[in-house]
Amino acid sequence: MNKTEAVARKILGWKLNRHDRWYDLASNQFIPTSDFQPEHNLTHALLIVEKLEEYGIKYTEKGGTEVCFDDFCATGDTLAQAITNAASLIADTSSVDDAWF
């Protein structure tokens with residue numbers, strides 16, 4: 001599972017409907033996998049920030065290319081990439097207790 005897939009499934013709660021599209025239960029819509037690129041699109045990355053803040057997770061920017069979600073920090077070449085990298089640390093279930101959500 002790549003970073004984008006892990007974040008879409010475990011943070012946004014999307015289901016892979018087919019190999020080429022996600023289904024968002026909350027908005028009752030399909031999202032083509034090619035249309036969700038949080039590492040390259042800041043608007044998509046900020047959707048992740050918004051969702052994690054709904055869970056009560058604090059988002060902090062530490063410069064233009066380093067961010068933290070509570071104690072999970074990451075860097076990237078861009079802000080969007082840093083957000084995706086930090087979110088993927090949270091989505092990696094081997095490093096986060098399920099009770100944390």
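Residues numbered from 1 in each chain as written. Predicted model: local features only at pLDDT ≥ 70, side-chain atom pairs only at ≥ 80, totals over all residues. Heavy atoms only, no water.

Caption draft 1: Broad picture of the packing of aromatic side chains. Evaluation of the coordinates by the stated rule reveals 4 aromatic pairs. Each ring, one from W14 and one from W22, has its centre 6.4 Å from the other, and the planes form 50 degrees; the classification is tilted. Both residues of the pair, W14 and W22, count as buried. Their ring planes at 40 degrees and their centres at 5.4 Å tell us that Y59 and F69 sit as a pair that is tilted. Within this pair, whereas Y59 is found in strand 4 (residues 59-61), its partner F69 is found in strand 5 (residues 66-69), the two being separated by 10 residues in sequence. Over the aromatic face of F30 sits the side chain of R21, whose NZ or CZ is 4.0 Å from the ring centroid. (Phe/Tyr/Trp six-rings, centres within 6.5 Å; stacked < 30°, edge-to-face > 60°. Buried < 20%, exposed > 50% of the residue type's maximum accessible area, 1.4 Å probe, protein only. Helix = DSSP H or I, 4+ residues; strand = E, 2+ residues; numbered from the N terminus. Lys NZ or Arg CZ within 6 Å of the ring centre and 35° of its normal.)

Caption draft 2: The environment of K62, seen in detail. Topologically, K62 is positioned in the loop between strand 4 and strand 5. Classification of K62 by relative accessible area gives partly exposed; the value is 46%. Taking C-alpha positions, K62 is 31 Å from W22, a pair spaced 40 residues apart along the chain. Once residues lying within four places of it in the same chain are set aside, the contact partners of K62 are V67, C68 and C73. (Contact = heavy atoms within 4.5 Å.)

Caption draft 3: Structural context of the packing of helix 1 (residues 3-10) against helix 3 (residues 79-91). Contact pair helix 1 / helix 3: the axes reach a minimum separation of 9 Å and the direction vectors enclose 60 degrees. Between helix 1 and helix 3, the crossing angle belongs to the class labelled oblique. Between helix 1 and helix 3 lies a crossing of left-handed hand. On the side of helix 1, the interface is formed by K3, A6, V7 and K10, while helix 3 contributes T84, N85, A87, S88 and A91. Considered class by class, the residues forming the contact of helix 1 with helix 3 number 4 nonpolar, 3 polar and 2 charged. (Axes fitted to C-alpha atoms, helices over the stretch in contact; angles between N-to-C directions. Parallel < 35°, antiparallel > 145°, perpendicular 65-115°, else oblique. Left-handed = near helix turned anticlockwise from the far one by under 90°. Nonpolar A, V, L, I, M, F, W, Y, C, P; charged D, E, K, R; others polar.)

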